[in-house]
Amino acid sequence: MTLLRQGVAGRFQLLEVYPAVQAKLDLANGQRLAIDGAVFAAGQLHYGEGQVHQVLLEYPATYPDEPVAIYPVADIQLQGNMLVCRSINFGKGQQYGDGKMCLFAKHTWDADLHDGAYALTRAARWLTFATSATGFPASEIVEENVPVLPPAGTVVFPFAVDVPAGSPGGHGRLLPVGPNLYTLLEFSEASPTPTSLHTRQVQGRRWQASPSFLNPAGQPGVEVHWQRLDGISFPQAVATRIGLVQQRLAADGGILQASLAAGAELFFGFYLGQEEQWFMLRVRPNGNGGGAIEFFITRHLESELYLRVQDIFEPAILATKTVTIVGLGALGSEVACELARNGVGRFHLFDPELMDLGNSVRSAADLSTIGQHKVHAVRNLMLNRNPNVQCEVYPQLVGDVISAFERAAAASDIVIVLTAENSVDFPTNRLNLKRLRKPFLYARASKGALTGVVQLVEPGISACLRCLVRHPESDLPVSRLDTAHMAALKTVQLGCAAPSFPGAGVDTREIALQTSRVALQRLLTELPQPFYPALPGYQFRWHGPAGSAEHAPFAWEILHLGPHPDCSVCRTAVTSPT
């Protein structure tokens, strides 16, 4: 305060000091900042050649370890415990959405060398450039502190939108699908004539998304007006457009003000031609006829969804694959979601049951899905992970729709049967060996889900389910845990909430993940050099958290069992589909 009162070499005239008792700073443009223990000082800062501007200094409670923040402001008032003022945005960049000057990178602030006087010296230099015709030179741009609002949310583009050079703009529709989360439903390009943010006449090219799972009621969505910008970088574009929208809000009494007065949200989109990048600004009514401006980042589903797995699982290949899954319980629901999130493109789902209370302990679905058919609940989970997937659902027993199952299996690259029911496993095994000749994948968990097995059936190459009956390996591994205790456990049948065997999802999920991994490796075997090597066997036996008499805990045993010479199914199977 002594430095401020001395005037910083004649540059600064202190007007008022507001002590740390003030709880909040309201910048009167929709930005309201909670300030804990900060001290504020207002004054006149001289800069350039005889120019002066009113500024507000914020000394944080952590000063001097954290730098002084400076805002160019007008109309400072103290209302109760609220400091109210209007921030000034110059539209030249290097300024945050709440008006704060972007003076220096945080790592350059040194508490032993710098103080409020240093910050004011930088602020005077900042005002000189902010009020000039050319703005900030490259040497004054602080890249470390990108001068944009912290993102208030995300807009997901489910399809690529590249705007051709010379396009003036257009409009589209965004659908809110979560808190501060939107998806782009529709995008249109306006006629090639000069336009403004208010354009309503839309014609020419048009893109239409179809995330029907996100919009089952056909909501109209929120309108967005967009423009193409060329010759401007991302940070500068965001700051400049925030300033533009602020000016329009202050000066325009037309559609912007009318929409805000009616409580409607407004979105403006901007496409940066040289960077091929989008960003969005949302204007929300603040109750005073104005609007709070928020910055939204945009994410592109097609290019970003698989970034973390694209060098492992080849999503472009998996997108062409079709998988049929029978049984969507503890194993099937997890497998379906795992394959969807890794990029498998098409699914056929079979399960006749409804979601019940106890299912949520082991299923990928939760309590919100109780009463829904499992096929519908799991399909929605898959689409929430990957809106590109296509799902055909069959809420019936496979035996009741055997023709539909056979058609689905014939069109699939792999069939995964996870019912753990002999009445389903053996008929599908026979149908496959006799007619389909497809890779079939089966999995089961023991009582308690303490052990399990995953079996890949390759017709003519591996053992089928009937072959395994003749092998000692057909039995599930026996856990070292108290088997007498497990044998004594009984269940009361209250629908599928009380299943035929107890067991926690933490154990069934291990088997489901291995099933998913085997399925993914099998789907990618056609690649000349897949990242994962060829499967080392056909039967994968899980010995569980306690281990078994033969293996230590958490061990996977791999077997390579071929067709049994006495198997009635393999022996009579034809060598090609009929």
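Each chain has its residues counted from 1, following the order in which its sequence is written. Totals for whole chains, interfaces and linings use every residue, but because this is a predicted model, local features are given only for residues with pLDDT of at least 70 and side-chain atom pairs only at 80 or more, for both listing and counting. Working from all heavy atoms in the structure, the side-chain values ignore hydrogens and water.

> Talk me through the overall build of the chain; I want residue IDs and the actual numbers.
Looking only at helices and strands, the chain has 15 helices and 23 strands in total. Type-normalised accessible area, obtained with a 1.4 Å probe on protein chains alone, sets the label of each residue: buried when under 20%, exposed when over 50%, and partly exposed for intermediate values. Out of the 578 residues in the chain, the part that is buried amounts to 51%. Looking at the chain as shown, the accessible area adds up to about 26,300 Å², and 52% of this sits on carbon and sulfur atoms. In this description a helix means any DSSP run of H or I spanning at least four residues, a strand means any run of E spanning at least two, and both kinds are numbered starting from the N terminus. Per-residue and other accessible areas were derived by the Shrake-Rupley procedure at a 1.4 Å probe size, with only the shown protein chains allowed to occlude residues.

> Tell me about the nonpolar core, and please be specific about residues and values.
Nonpolar side chains in soluble globular proteins tend to end up buried together. Definition used in this section: a nonpolar core is a set of buried Ala, Val, Leu, Ile, Met, Phe, Trp, Tyr and Cys residues joined via side-chain atoms within 4.5 Å. Among the nonpolar cores identified, the biggest contains 47 residues, and V323, I325, L339, F347, M382 and I416 are the most heavily contacted of them. We call two residues contacting when some pair of their heavy atoms lies within 4.5 Å. Beyond its immediate sequence surroundings of up to four residues, L339 is in contact with V323, V344, F347, I416, S516, A519 and L520. If you look at the next biggest cluster of nonpolar residues, it comprises 29 residues, including V326, A404, F405 and V415.

> Mind laying out the pattern of salt bridges, listing which residues take part and the relevant values?
Pairs can form between side chains of opposite charge whenever their charged atoms are close. We define a salt bridge as a side-chain nitrogen of Lys or Arg found within 4 Å of a carboxyl oxygen belonging to Asp or Glu. Inspection of every chain in the model, using the stated rule, returns 15 salt bridges. Its salt-bridge partner being R282, residue E265 comes within 3.9 Å of it at the nearest N-O pair. With E265 in the loop between helix 4 (255-261) and strand 13 (266-272) and R282 in strand 14 (residues 277-285), this residue pair connects regions lying 17 residues apart in the sequence. The class of E265 is partly exposed, set by a relative accessible area of 25%. With a relative accessible area of 2%, R282 lands in the buried category. Here E334 and R509 are joined by a salt bridge, their closest N and O atoms 3.0 Å apart. With E334 in helix 8 (residues 330-341) and R509 in helix 14 (residues 505-523), this residue pair connects regions lying 175 residues apart in the sequence. In this structure R509 comes out as partly exposed when scored by relative accessible area, which is 31%. Ionic contacts of the salt-bridge type, sharing partners, join the residues E265, R282, R284 and E294 into one network.

> So what's going on with the packing of helix 8 against helix 9 (residues 374-385)? Which residues, and what values?
Axis definition: a line fitted to C-alpha atoms, over the contacting stretch in the case of helices. Angles run 0 to 180 degrees between N-to-C directions. Running from amino to carboxyl end, helix 8 crosses helix 9 at an angle of 25 degrees, the nearest separation of the two axes being 8 Å. As summarised for this structure, helix 8 and helix 9 are arranged roughly parallel, according to the angle between their axes. The two elements helix 8 and helix 9 cross, and the hand of that crossing is right-handed. Side by side, helix 8 and helix 9 meet where S333, A336, C337, A340 and R341 of the first sit next to V378, L381, M382 and R385 of the second. In terms of residue class, the contact of helix 8 with helix 9 is built from 6 nonpolar, 1 polar and 2 charged. Working definition: roughly parallel below 35 degrees, roughly antiparallel above 145 degrees, roughly perpendicular at 65 to 115 degrees, and oblique for all remaining angles. Whether a crossing is left-handed or right-handed is set by the direction in which the near helix is turned from the far one by less than a right angle, anticlockwise for left-handed and clockwise for right-handed. The residue classification treats Ala, Val, Leu, Ile, Met, Phe, Trp, Tyr, Cys and Pro as nonpolar and Asp, Glu, Lys and Arg as charged. All others, Gly included, are polar.

> Tell me about the packing of aromatic side chains, residues and numbers included.
Classification of ring pairs rests on two measures: the distance between centres of Phe, Tyr or Trp rings, Trp counted by its six-membered ring, which must be within 6.5 Å, and the angle between planes, read as stacked under 30 degrees, edge-to-face over 60 and tilted in between. With the rule as written, the count across this model stands at 21 aromatic pairs. Among the aromatic residues, those joined into a cluster by ring pairs are F90, W126, F129 and F136. The criterion is that NZ of a Lys, or CZ of an Arg, lies within 6 Å of the ring centre and within 35 degrees of the ring normal, and then a charge sits over that ring. We note K100 situated over the ring of Y96; from NZ or CZ to the ring centre the distance is 5.2 Å.

> For unusual backbone geometry, give the residues involved together with the corresponding values.
Across the junction of Y63 and P64, the peptide omega takes the value 10 degrees, indicating a cis bond. Mapping P64 onto the fold places it in the loop between strand 5 (51-59) and strand 6 (69-79). Positive phi, normally seen in glycine, also occurs at D75, with a value near 60 degrees. Tracing the backbone shows D75 in strand 6. You can call D75 partly exposed: its relative accessible area is 48%.

> Give a description of the state of the cysteines that names residues and reports values.
Throughout, disulfides are identified as pairs of cysteine sulfur atoms within 2.5 Å of each other. Throughout the structure, instances matching the rule amount to 0 disulfides. The thiol of C464 is not disulfide-bonded; the next cysteine sulfur, from C570, is found 3.6 Å away. Left unpaired, C567 is separated from the closest cysteine sulfur, that of C467, by 3.5 Å. A relative accessible area of 1% means that C567 is categorised as buried.

> Please provide a residue-by-residue account of the environment of S368, values included.
When you line up the elements, S368 lands in the loop between strand 17 (346-350) and helix 9. Distance from S368 to M355, taken between C-alpha atoms, is 9.5 Å for residues 13 residues apart in sequence. Polar side-chain contacts of S368 include one of 2.4 Å to the side chain of D366. Counting of polar contacts relies on pairs of N or O atoms within 3.5 Å, with two restrictions inside protein: one atom must be capable of donating a hydrogen and the other of accepting it, and residues adjacent in sequence are counted only when both atoms are side-chain atoms.

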